[in-house]
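A closer look at the structure
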Amino acid sequence: MLLLPLLSLAAGDAFAQVWHQERDNEVLNTRSGSSSPVSLQYNPTASWNAASAGWNGEKGGFHRPDRPAGKSELDLSVSELGAHGAFRSAGSIRYRNTRDLSRNWNSLLGNDPDNPYVICDTLADNSLTERFDIEGALSWAFASGWTAAGKAGITTATLSDNKDPRPKNDISRIPFSLGVEHIFSDGWTAGIYAGAELFFSRFTNYLEYGQKAYRYYKMKGMGDFFAFSSSESSSAPREYAGTTYSAGANLGLDRKDFSNFTEFGFESGYENARDGGSAYEWKAGDYSFMQLRLLERIDFKGSLRQSITLTAGMKTTSGYWYDQKAMIDTEHGNLAYYEIKARYKNNASSRITAAAQYRIGMDKSWNAGVLAQFKSESATHYADGDPRIQAWNQLKLVADGWKSFFFGDHTLDISASAGYIMTLGGPRYATGNAGLPKDDITAVYVRPIFEYETASKALANLRADWVMPGTGKIGLRPGIFAGASVLASTKGQSYYGLSAGAFIKF
């Protein structure tokens, strides 16, 4: 999508604060949706620099119970594109300082969103997250008809809470990828890419008032949990380690009147949780996933630029739990350890998506599009032979567009989008009774999440960017922006977002 991420209500999310500078590359680069770093070589706007500072705010009652009731966020970023002979470069640095409101039921940050093995407490409180994202890419036309490219980045973040049991989570993600592409004499191109991403997370609690015991929840999936008290382990240390591998191939065709690009991608990864730190090891769930993606885009050139984009994807996940018994090693100083009695699969899920998008517009003037996306999800949690099952199908319809208005050397960009998400048929919800913990959290955790995900929703975004005339020898162009968004259920609940800030491009 050219506009703001439609289901992320912060109107300044991602690098949308400078989207008006990137839109030509989104519209004119047929490979803009590619996962290969070689796509950088095809950007028609090869060189620009920008800096942005903004504030994003969100609040409302329509959210999952394991998501905050709102946030206030400072967002700073610097980004660049460069052209240097046979080389193209891209880079960005971004800092976000986010205060989440009334957060509970998930004390983690940055895990795969489908990973069921989270740790949490039930005391809702405000939390603070500081996040840095650094990314760089370089492409090189190293020989006639040949282009190679590489991309790498790092994300580091810390989530902290100022109320006992004071959960703290530090994470890092390091993605990198390489790609190569060959251009044939008749306009055909063929390329491949491969990459990996390393993930590490360290979690602990810090008790300031140790005389009070707090209850922790080690989630096993779909409301099933292993509970323990801070009197057993005051800090509850946990680590996640994971790696994701990716690969893909693409085929393109560039003609005078149209361009076509097809790409197939594959990902496979895992995130495994281990508790105890250096004191002991308690296995807290092994999670793995596999994902397939297909992208097909056709661009029709002319005074009116038109494109048709088709996407399809499938993601499957598996989760394994361990039955463990506490033991004491009397021969080595009475050290505590856990003996594994059994390892078995207790979670499985699948998600299938298919989408079609049509866009039409005139370069640097206006653009509009419509999107239809179908999604089918199912998840199963196995508990003592009595599975808990959730499944549903959804259809999302979105219309969006932007228009530029020119007032001398000033430019006003207006962008807007509206959409509706509907659940098709009757969602399936079956919660087995076998193996439920004594403290059943179905009514306060499992069922509300299911109802949120399967609810029919309306969404809308509106944003305005004012770009001022260039000043100075290097043509500095300052600007300001403001945006608003809303996500509302058909039952009357809503979640709102506002954003505002300033930017400068040079």
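Higher on the page you've got the structure.
Residues numbered from 1 in each chain as written. Predicted model: local features only at pLDDT ≥ 70, side-chain atom pairs only at ≥ 80, totals over all residues. Heavy atoms only, no water.

Quick look at the overall build of the protein chain now. Helices and strands together make up the secondary structure of the protein chain, namely two helices and 21 strands. Taking the principal axes of the C-alpha coordinates as reference, the protein chain spans close to 75 × 50 × 45 Å. Looking at the 506 residues of the protein chain, the share that counts as buried comes to 47%. Residue pairs in contact within the protein chain that sit at least 24 positions apart in sequence constitute 67% of those at least 6 positions apart. Counting only carbon and sulfur atoms, one obtains 59% of the accessible surface of the protein chain, whose full area is about 23,000 Å². Averaging the coordinates of the 52 positive side-chain charges in the protein chain and doing the same for the 53 negative ones gives two points 3 Å apart. (Helix = DSSP H or I, 4+ residues; strand = E, 2+ residues; numbered from the N terminus. Buried < 20%, exposed > 50% of the residue type's maximum accessible area, 1.4 Å probe, protein only. Contact = heavy atoms within 4.5 Å. Areas by Shrake-Rupley, 256 points an atom, 1.4 Å probe, with all protein chains shown as cover. Lys, Arg positive; Asp, Glu negative; His and termini not counted. Charge placed at Lys NZ, Arg CZ, Asp CG, Glu CD.)

Take the nonpolar core next. Considering soluble globular proteins, one finds that nonpolar side chains tend to be buried as a cluster. Residues Trp 105, Leu 108, Tyr 217, Met 219, Ile 441 and Tyr 445 are the most contacted members of the largest nonpolar core, which totals 31 residues. At the level of secondary structure, the elements contributing two or more residues to this core comprise β4 (119-120), β6 (146-161), β8 (188-205), β9 (215-221), β10 (224-229), β13 (282-300) and α2 (442-454). In this structure Tyr 217 touches Val 118, Ile 119, Cys 120, Asp 121, Thr 122, Phe 225, Phe 226, Asp 439 and Ile 441, once residues within four positions along its chain are discounted. Counting seven residues, the second-largest nonpolar core is a separate cluster that includes Phe 62, Tyr 452, Ala 455 and Tyr 495. (Core = buried A, V, L, I, M, F, W, Y, C linked by side-chain atoms within 4.5 Å.)

Okay, the side chain of His 182 next. Relative to the helices and strands, His 182 resides in strand β7 (residues 167-183). Given a relative accessible area of 18%, His 182 falls into the buried group. Here the side chain of His 182 touches Gly 145 through a polar contact of 3.0 Å, landing on its backbone oxygen. Not counting chain neighbours up to four residues away, the residues in contact with His 182 comprise Ser 144, Gly 145, Trp 146, Trp 188, Thr 189 and Ala 190. (Polar contact = N/O pair within 3.5 Å; in protein donor to acceptor, adjacent residues only side chain to side chain.)

Moving on to the packing of aromatic side chains. Scanning all chains against the criterion turns up 18 aromatic pairs. With 4.9 Å between their ring centres and 40° between their planes, Trp 105 and Tyr 445 make a pair best called tilted. Note that Trp 105 is positioned in the loop between β3 (87-103) and β4 and Tyr 445 in helix α2, a separation of 340 residues in sequence. Grouping residues by exposure puts Trp 105 and Tyr 445 together as buried. Members of the aromatic cluster, joined through ring pairs, are Phe 87, Trp 140, Phe 142 and Trp 146. Geometry around Phe 289 places Lys 315 over its ring, the cationic atom sitting 5.2 Å from the centre. One cation-aromatic arrangement involves Arg 447 over Tyr 429; the distance from NZ or CZ to the ring centre is 4.1 Å. (Phe/Tyr/Trp six-rings, centres within 6.5 Å; stacked < 30°, edge-to-face > 60°. Lys NZ or Arg CZ within 6 Å of the ring centre and 35° of its normal.)

The topology assignment puts Leu 253 in strand β11 (residues 238-254). Distance in space between the C-alpha atoms of Leu 253 and Thr 30 is 9.9 Å, their sequence separation being 223 residues. Excluding its chain neighbours within four sequence positions, the residues that come into contact with Leu 253 are Asp 186, Gly 187, Trp 188, Phe 258, Ser 259 and Asn 260.

A word on the pairing of strand β2 (residues 70-84). Taken together, the twelve bridges between strand β1 (residues 48-60) and β2 define a ladder with antiparallel strand orientation. Counted as the bridge partner of Gly 57 is Ser 72 from β2. Two elements, β2 and β3, share 15 bridges in a ladder whose sense is antiparallel. Paired with Leu 81 across the two strands is Ala 90, which belongs to β3. (Pairing = 2+ DSSP bridges.)

On to the pairing of β9, then. In terms of burial, β9 is a largely internal element, six of the seven residues being buried. Two strands pair when backbone bridges link them, and β4 and β9 are joined in this way by two bridges, in the antiparallel orientation. Paired with Cys 120 across the strands is Tyr 217, a residue of β9. In terms of strand pairing, β9 meets β10 through six bridges, oriented antiparallel. Residue pairing for β10: Tyr 216 is matched across the bridge by Phe 228. Where β9 hands over to β10, the hairpin turn is made up of two residues, of which Met 222 adopts a positive phi near 50°.

Taking strand neighbours across the sheet as the criterion, the three strands line up as β4-β9-β10 in an open arrangement whose pairing is antiparallel. The two strands at the open ends of the sheet, each matched to only one other strand, are β4 and β10.

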